[in-house]
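Structural characterization, general
One-letter residues, chain by chain:
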Amino acid sequence: MAQVARVFAAFGMYPVGFYDLRDAAKSSVPVVSTAFRPTDPEELAKNPFRVFTSMLAADDPRFFDAQLQQQLQEFIGARTLFPEELLALADQAAEAGGLEEANAARLLELATAAFKLSEDPVDHAWYQKLEAVSAVASDIGGVSTTHINHLTPRVLDIDDLYARMEARGITMIDEIQGPPRWDGPDVLLRQTSFRALAEDRIFRFEDGTVGPGALRVRFGEVEQRGIALTPAGRDLYDRMVAETDRRLAAGEGNGVRVDVARTVWEEHLPRTEKELALQGLAYFTYTLDEDALARAGHTVDPDTALETLIEAGLAVPAPIVYED
């Protein structure tokens, strides 16, 4: 993880957040993760791309017994994921804020090669041994290199995408996860995913032979990001989710979650970004509307409450996107 941080730093991307997926309520996996992305607001506005990066928790006894822990440590310790030349160039780029053209091209060549799906034969028995614990464990610890597991495009209309994907015969998960579609502002994260195709790989079998096989590990995921919520907004969100569950259990809405959730949202969540800002439910940055200020014919008193400026239309809220 320290090495991959050096690689991403060369591109102005830094670790933000910590995700311990071992504690996930429904689908715990032996992985800890972070997301690498720009942190400067201007850079982030130009490039919101992030790389969610996971590391196998190979020493966690909840998933691996002592023997498997030792085998994993030996297997992982024998790998070289990022060559020294790549790390050296990355360090130079991060320190200098860039590289000369020839070195920059070499950095890109080495960095993309480091994340390419390996053509090395996969040890079939070793892969299956880890797969019995977790598909994620085998995907990370069962192969000789690291790789991109999946891409998560960000879209503006995830409902339209979901319908178009199904129309193409692509198997989607049962419903779009997260908040419902409604007429008010989108908050937090809505996402969906689809099953990927089996990919041809070369395996080394227990009898020493090498032959073709297939893995279905990587998948497709799509997201639609909304406004980041403050602690008060998140508390309201959690209460709305609980209310949706209560009504579903009571048989309301013909058992269709999205319809019940939409009703709950309409009853409890403000319908405008301005109201979200006034109630302190979401995060915003603010700009002064110079035209409105000129029409008002006065300057702004530094002691004026933010809410007063918002109400008067002088402070214009701009939403901060969830996880940005």
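In case you missed it, the structure is sitting above this.
For the structure given in this document, a descriptive report is provided here. Here the residue numbering is sequential within each chain, running from 1 through the sequence in written order. In keeping with the predicted nature of the model, local features appear solely for residues at pLDDT of at least 70, side-chain atom pairs appear and are counted solely at 80 or more, and the whole-chain, interface and lining totals rest on all residues. The side-chain figures draw on all heavy atoms in the structure; neither hydrogens nor water molecules are used.

The subject of this paragraph is the overall build of the protein chain. Secondary structure summary: the protein chain contains 13 helices and ten strands in total. When the backbone C-alpha atoms are referred to their principal axes, the protein chain occupies close to 80 × 60 × 40 Å. When the 324 residues of the protein chain are sorted by exposure, 35% land in the buried category. Surface accessibility of the protein chain: about 18800 Å² in total, with carbon and sulfur atoms responsible for 52%. Think of it this way: Lys and Arg go in the positive column, Asp and Glu in the negative one, and His and the chain ends go nowhere. Think of each charge as sitting on NZ of Lys, CZ of Arg, CG of Asp or CD of Glu. Each charge class in the protein chain was averaged separately, 31 positive and 54 negative side chains, and the resulting centres sit 4 Å apart. The secondary structure listing takes helices from DSSP runs of H or I that are at least 4 residues long and strands from runs of E that are at least 2 residues long, numbered from the N terminus. Three labels apply to residues, based on accessible area from a 1.4 Å probe with only protein chains included: buried if under 20% of the type maximum, exposed if over 50%, partly exposed otherwise in between. Shrake-Rupley sampling with a 1.4 Å probe provides the accessible areas, and residues are treated as covered by the protein chains on show and by no other component.

Our focus in this paragraph is the pairing of strand β8 (residues 220–225). Among the six residues of β8, six are classified as buried, and the element is accordingly described as predominantly covered. Where burial is concerned, the two faces of β8 agree: the one with Gly 220, Val 222 and Gln 224 and the one with Glu 221, Glu 223 and Arg 225 are both buried. Whether two strands pair depends on DSSP finding at least two bridges between them. Direction of pairing for strand β5 (residues 189–194) relative to β8: antiparallel, over a ladder of six bridges. Within β8, the position partnered with Arg 190 by the bridge is Gln 224.

With that out of the way, let us pick up the sheet that holds strand β4 (residues 122–123). What the three strands build is an open sheet, ordered β4-β6-β7; its pairing is mixed. Bordering the open sheet on either side are β4 and β7 (210–215), each of which pairs with just one other strand. Across two bridges, β4 lies against strand β6 (residues 199–204) in parallel orientation. Along β6, the bridge assignment pairs Asp 123 with Arg 204.

So, about empty space enclosed by the protein. Put plainly, a pocket is an open set of points on a 1 Å grid over the protein atoms alone with protein on both sides within 12 Å along at least five of seven lines, a cavity is a set where a 1.4 Å probe fits but cannot get out, and a lining residue has an atom within 4 Å of a point. Grid points are joined across faces, edges and corners, and a volume is the space filled by probe spheres set on the points. Overall, the coordinates contain one cavity of 30 Å³ or more when judged by the stated rule. Size it by volume and the largest cavity reaches roughly 70 Å³. Together, Leu 117, Tyr 127, Asp 139, Val 143, His 147, Glu 199, Arg 201, Leu 215, Val 217 and Arg 218 line the largest cavity. Looking at the lining of the largest cavity residue by residue, the class counts come to five nonpolar, one polar and four charged. Residues are grouped as follows: nonpolar covers Ala, Val, Leu, Ile, Met, Phe, Trp, Tyr, Cys and Pro; charged covers Asp, Glu, Lys and Arg; every other residue, Gly included, is treated as polar.

Let's shift gears to the side chain of Arg 190. Along the chain, Arg 190 turns up in strand β5. For Arg 190, a relative accessible area of 4% gives the class buried. Here a polar contact is taken to be a pair of N or O atoms separated by no more than 3.5 Å, where protein atoms must pair a possible hydrogen donor with a possible acceptor and residues adjacent in sequence count only if both atoms sit in side chains. Engagement of the side chain of Arg 190 in a polar contact is seen with the side chain of Asp 159, the distance being 2.8 Å. Only heavy atoms enter the contact rule, under which two residues are in contact if any of them lie within 4.5 Å. Residues within four places of Arg 190 in sequence aside, it is in contact with Ile 158, Asp 159, Ile 176, Gln 177, Pro 179, Pro 180, Arg 181, Val 222, Glu 223 and Gln 224.

Below, the discussion takes up the nonpolar core. Here the nonpolar core consists of buried residues drawn from Ala, Val, Leu, Ile, Met, Phe, Trp, Tyr and Cys, with membership extended through side-chain atoms lying within 4.5 Å. Trp 265, Leu 269 and Leu 276 are the most contacted members of the largest nonpolar core, which has 24 residues in total. Of all the secondary-structure elements, those providing two or more residues to this core are α9 (231–249), α10 (257–268), α11 (273–278), α12 (290–296) and α13 (306–311). If you look at the next biggest cluster of nonpolar residues, it comprises 18 residues, including Val 7, Met 13, Phe 36 and Phe 115.

Angles shown run from 0 to 180 degrees and are taken between the N-to-C directions of axes, each axis being a line fitted to C-alpha atoms and, for helices, limited to the stretch in contact. Orientation of helix α4 (residues 84–96) relative to helix α5 (residues 101–114), taken along the N-to-C sense of each, is 130°, at an axis distance of 9 Å. Here α5 runs oblique to α4, going by the angle between their axes. As for how α4 packs across α5, the hand of that crossing is left-handed. Contacts between α4 and α5 pair Glu 85, Leu 86, Leu 89, Ala 90 and Ala 93 from the former with Asn 103, Arg 106, Leu 107, Leu 110, Ala 111 and Ala 114 from the latter. Residues of the contact of α4 with α5, tallied by class, amount to eight nonpolar, one polar and two charged. With respect to orientation, any angle under 35 degrees is reported as roughly parallel, any angle over 145 as roughly antiparallel, any angle of 65 to 115 as roughly perpendicular, and every other angle as oblique. Crossing handedness is defined as follows: a turn of the near helix away from the far one that is anticlockwise and smaller than a right angle gives a left-handed crossing, while the clockwise case is right-handed.

Attention now moves to the pattern of salt bridges. Definition used for salt bridges: Asp or Glu carboxyl oxygen within 4 Å of a side-chain nitrogen of Lys or Arg. According to the stated counting rule, one finds 19 salt bridges in the structure shown. The partner of Glu 109 in a salt bridge is Arg 106, and the shortest N-O contact between them spans 3.1 Å. Linking Glu 109 with Arg 106, this pair stays in helix α5, spanning three residues, or about one helical turn. Of the charged contacts in the structure, one is a salt bridge between Arg 181 and Asp 157, with a shortest N-O distance of 2.9 Å. Of the two residues, Arg 181 sits in the loop between α8 (158–167) and β5 while Asp 157 sits in the loop between α7 (135–141) and α8, which places them 24 residues apart along the sequence.

A separate point is the packing of aromatic side chains. Geometrically, a pair of aromatic rings is defined through the distance of the ring centres and the angle of the planes. Working definition: a ring pair exists when centres of Phe, Tyr or Trp rings (six-membered ring for Trp) sit within 6.5 Å. Plane angles under 30 degrees give stacked, over 60 give edge-to-face, the rest tilted. Inspection of the entire model under this criterion finds nine aromatic pairs. Taking the centre distance of 5.9 Å and the plane angle of 20° together, the rings of Phe 8 and Phe 115 count as stacked. Note that Phe 8 is positioned in helix α1 (residues 2–9) and Phe 115 in the loop between α5 and β4, a separation of 107 residues in sequence. In this structure Phe 115 comes out as buried when scored by relative accessible area, which is 18%. Taken together, a centroid distance of 5.6 Å and an interplanar angle of 85° make the contact between Tyr 237 and Trp 265 edge-to-face.

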